[in-house]
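Each chain, written out:
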Amino acid sequence: MEGNFLTTIHNTQANLNNRALFARRNLWSGILFGLGFVAFLDETLFHQLLHWHKFYDKSTVAVGLVSDGLFHAFSWFATVGGLFLVADLRRRNALWHKMWWGGKLLGGGAFQLYDGTIQHKVMRIHQIRYNVDILPYDLVWNISAAVMIVAGIGLIASARRDQREGKGAFSNA
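Thresholds applied
- Residues numbered from 1 in each chain as written.
- Predicted model: local features only at pLDDT ≥ 70, side-chain atom pairs only at ≥ 80, totals over all residues.
- Heavy atoms only, no water.
- Phe/Tyr/Trp six-rings, centres within 6.5 Å; stacked < 30°, edge-to-face > 60°.
- Helix = DSSP H or I, 4+ residues; strand = E, 2+ residues; numbered from the N terminus.
- Buried < 20%, exposed > 50% of the residue type's maximum accessible area, 1.4 Å probe, protein only.
- Salt bridge = Lys/Arg side-chain N within 4 Å of Asp/Glu carboxyl O.
- Axes fitted to C-alpha atoms, helices over the stretch in contact; angles between N-to-C directions.
- Parallel < 35°, antiparallel > 145°, perpendicular 65-115°, else oblique.
- Left-handed = near helix turned anticlockwise from the far one by under 90°.
- Nonpolar A, V, L, I, M, F, W, Y, C, P; charged D, E, K, R; others polar.
- Expected span 1.5 Å × (residues − 1).
- Contact = heavy atoms within 4.5 Å.

Draft legend 1. Spatial organisation of the packing of aromatic side chains. All chains considered together, the criterion is met by nine aromatic pairs. Geometrically, the ring pair formed by F55 and F71 is stacked, given 5.0 Å between the ring centres and 20 degrees between the ring planes. Of this pair, F55 sits in the loop between α2 (23–49) and α3 (61–91) while F71 sits in helix α3, and the two are 16 residues apart along the sequence. Across the pair, exposure class does not vary: F55 and F71 are buried alike.

Now the structure itself:
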């Protein structure tokens, strides 16, 4: 019984040390995964299932399909890349769930806000939807992106605060 307790304390201390050492990798893994995951959801729901738009709507259907394919490939490369980093963090006993989820929300929200502002409004390569009042769609799209960003930043700040204060030693916070 005592040996198991000491092993648990040693593993927990190793995990905390590894989290500190790989904090940035946890964050970037989450950002990459979040970016890819939200891009994948966008592609799957709005491009393929609902047929609301293509990634590039300013040309032929064939060009739109090719642009969707490239966008889909990008989303999967980002998602899988983030998961490879997670596997490496787990192998090193350094996965920090709170930091990773903060990064995931930050990455997903940043992608969505970039898409909703730069691609939809500045570059005008596509809109969320056509032949409808676009304002409600834009508001929901960009406000939900901002909420994800704020929640992600909050989780990242909380994880860093936990690290400074030595909290979460026996949890995967």
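Here the narrative resumes.
Draft legend 2. Summary view of the pattern of salt bridges. Following the criterion strictly, the structure yields six salt bridges and no others. Close ionic contact of R92 with D88 constitutes a salt bridge, the shortest N to O distance being 2.9 Å. We classify D88 as buried; its relative accessible area is 15%. For the salt bridge of K121 with D138, the shortest nitrogen-to-oxygen distance reads 2.7 Å. Of this pair, K121 sits in helix α4 (residues 97–122) while D138 sits in helix α5 (residues 135–165); the two residues are 17 residues apart in sequence, bridging distant segments of the chain. Salt bridges here are not isolated pairs; linked through shared partners, they connect R25, D88, R91 and R92.

Draft legend 3. Just the packing of α2 against α4, in detail. Where α2 meets α4, the closest approach of the two axes is 6 Å, and the angle between their N-to-C directions is 45 degrees. By the angle class used here, α2 and α4 are oblique. Judged by the twist between their axes, the crossing of α2 over α4 is right-handed. A per-class count over the contact of α2 with α4 returns twelve nonpolar, eight polar and three charged.

Draft legend 4. Geometry of α3. Counted at 1.5 Å a residue, the expected span for α3 with its 31 residues is 45 Å, and the 45 Å between its end C-alpha atoms agrees. Along α3, the positions that sit buried rather than exposed are G64, S67, D68, F71, S75, A78, T79, G82, V86, D88 and L89. The inward-facing, buried residues of α3 contact α2 and α4. N93 lies just past α3 and shows a positive phi near 55 degrees.

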